[in-house]
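# Descriptive structure summary
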Amino acid sequence: MAKSARYAIGIDIGGTGIKGGVVDCKKGKLLGKRCKEATPPGAAIADVRAAVLTLLERIRAQELDTKVPALDTLPIGICMPAVIRHGRSMSAANIAPDWVGFDARSMFVEALGTPVSLVNDADAAGVAEVKFGNADAAQGSVLVLTLGTGIGSALVYRGDLFPNTELGHMELDGHTDYERYASAKVREREGIDDATWCARLSPYFRKLEALFSPDVFVISGGISKRATEFIPLIDVDTPIVPAKLKNNAGIIGAALLGASGWELSLIHISEPTRPRL
């Protein structure tokens, strides 16, 4: 990464909740409280904009250590469940279809009155896990999967992120959008047990294994806090580990990108600790 600010605000827009906080970008940790607002029903642009403004007010109202600059001066990074290309949201997963093709970054810049970095939510989680979590760049090829309202994905190879993979929308076994069959939200809604859920996840993981041959899968999202209970039930040869940063990964990754003023379509996150071949 380019030289970055030490502190930044990260905001993670999800299908059910919008959460954020102040991040120490040197340590990869939240400072103060993690704040949260419910995602407005339908997640229309104007409603999400208003919810983000309310959330930002709550984040900035905190009193933190005096070493942290004034919170209204901190850079801001936002992540959301959409393909992001040159600031435009080019898809809409669990948000209103009006987001498709919308200049989302410019809208947030105008609404918040400050420069904003905007990135796909799973990519933000992947950035954070590579920098501070269990997706060490030395592992080679890492596939981070966020299991939540949908299924997000971030593909990282030796510290380089290939953005906007959106592998949760893969067609598989007659399911045209596999996240609608196997996400954590579907599991909750249908009330199925871990064994039944993992029977749905296993062919998905095996397909990703066949296509990308990752060295490791990292499971992120809110469900990652109990990942050790269901990981052994997923039938795939590639190792699977839970995200170290759990459900804060998106916030931390968004803040890291905001702190660096990230605008490009490809980002180098960190150097691998083994030599390149």
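Attention here is on the structure that accompanies the text. Computed from a predicted structure; not experimentally measured.

All right, on to the overall build of the chain then. Counting its regular elements, the chain contains eight helices and 13 strands. Relative to the 2.2 N^0.38 estimate, which gives 19 Å for 277 residues, the radius of gyration of the chain is 18 Å and therefore close to what a compact globule would have. Each of the three principal axes of the chain carries a C-alpha extent, and together these read 50 × 45 × 30 Å. Relative to all contacts within the chain whose residues are 6 or more apart in sequence, the contacts with residues 24 or more apart total 64%. Element-wise, carbon and sulfur atoms account for 50% of the exposed surface of the chain, whose accessible area totals about 12100 Å². The centroid of the 31 positive side-chain charges in the chain is displaced by 5 Å from the centroid of its 32 negative side-chain charges.

Right, let's get into the pattern of salt bridges. Per the stated rule, a full pass over the model turns up nine salt bridges. Salt-bridge contacts for Arg-206 lead to Asp-235; the nearest nitrogen and oxygen are separated by 3.5 Å. In this pair, Arg-206 sits in helix α6 (residues 194–212) while Asp-235 sits in the loop between α7 (227–230) and β12 (240–242), placing the two residues 29 residues apart along the sequence. The class of Arg-206 is partly exposed, set by a relative accessible area of 36%. Among the ionic pairs, Glu-229 bridges to Arg-226, the shortest N-O distance being 3.2 Å. With a relative accessible area of 49%, Glu-229 lands in the partly exposed category. A network of salt bridges, in which partner residues are shared, links Arg-187, Asp-194, Arg-226 and Glu-229.

It is worth spelling out the packing of helix α1 (residues 45–60) against helix α2 (residues 104–112) at this point. Interaxial distance between α1 and α2 falls to 11 Å at its minimum, and their mutual angle equals 45°. Of the possible angle classes, the one that applies to α1 and α2 is oblique. Crossing angle aside, the handedness with which α1 passes α2 is right-handed. Contacts between α1 and α2 involve Ile-45, Arg-49, Val-52, Leu-53 and Leu-56 on the former and, on the latter, Met-107, Phe-108, Ala-111 and Leu-112. Within the contact of α1 with α2, the residues separate by chemical class into eight nonpolar, no polar and one charged.

This part is about unusual backbone geometry. Here Asn-94, not a glycine, exhibits a phi torsion of approximately 65°, which is positive. The residue Asn-94 is located in the loop between β6 (88–89) and α2 in this model.

Here is the idea: a disulfide is a covalent bond, and it sits between the sulfur atoms of two cysteines. Applying the stated criterion across every chain, the model contains zero disulfides. Cys-25 takes part in no disulfide bond, and the closest cysteine sulfur, belonging to Cys-79, lies 13 Å away.

This part takes up the packing of helix α3 (residues 121–132) against helix α8 (residues 249–260). Across the interface, α3 lies against α8 with an axial gap of 7 Å and an inter-helix angle of 85°. As the angle between them shows, α3 and α8 are arranged roughly perpendicular. Contacts from Ala-124, Ala-125, Val-127, Ala-128, Glu-129, Lys-131 and Phe-132 in α3 reach Ala-249, Gly-250, Ile-252, Gly-253, Ala-254, Leu-256 and Leu-257 in α8.

We now examine the sheet that holds strand β4 (residues 76–80). Spatial ordering of the open sheet is given by β3-β2-β1-β4-β7, a layout of five strands whose pairing is mixed. Unpaired on one side and paired on the other, β3 (29–38) and β7 (116–120) mark the two borders of the sheet. For this sheet, the mean inter-axis angle between neighbouring strands, taken without regard to orientation, is 20°. Pairing between β4 and β7: five bridges, direction parallel. Each bridged residue has a counterpart across the sheet, and for Met-80 the counterpart in β7 is Asn-120. Relative to the sheet, α8 contacts β1 (7–13), β2 (17–24), β3, β4 and β7, its axis offset from that of β1 by approximately 130°.

Conventions adopted
- Residues numbered from 1 in each chain as written.
- Predicted model: local features only at pLDDT ≥ 70, side-chain atom pairs only at ≥ 80, totals over all residues.
- Heavy atoms only, no water.
- Helix = DSSP H or I, 4+ residues; strand = E, 2+ residues; numbered from the N terminus.
- Rg over C-alpha atoms; globule rule 2.2 N^0.38 Å.
- Contact = heavy atoms within 4.5 Å.
- Areas by Shrake-Rupley, 256 points an atom, 1.4 Å probe, with all protein chains shown as cover.
- Lys, Arg positive; Asp, Glu negative; His and termini not counted.
- Charge placed at Lys NZ, Arg CZ, Asp CG, Glu CD.
- Salt bridge = Lys/Arg side-chain N within 4 Å of Asp/Glu carboxyl O.
- Buried < 20%, exposed > 50% of the residue type's maximum accessible area, 1.4 Å probe, protein only.
- Axes fitted to C-alpha atoms, helices over the stretch in contact; angles between N-to-C directions.
- Parallel < 35°, antiparallel > 145°, perpendicular 65-115°, else oblique.
- Left-handed = near helix turned anticlockwise from the far one by under 90°.
- Nonpolar A, V, L, I, M, F, W, Y, C, P; charged D, E, K, R; others polar.
- Disulfide = S-S within 2.5 Å.
- Pairing = 2+ DSSP bridges.

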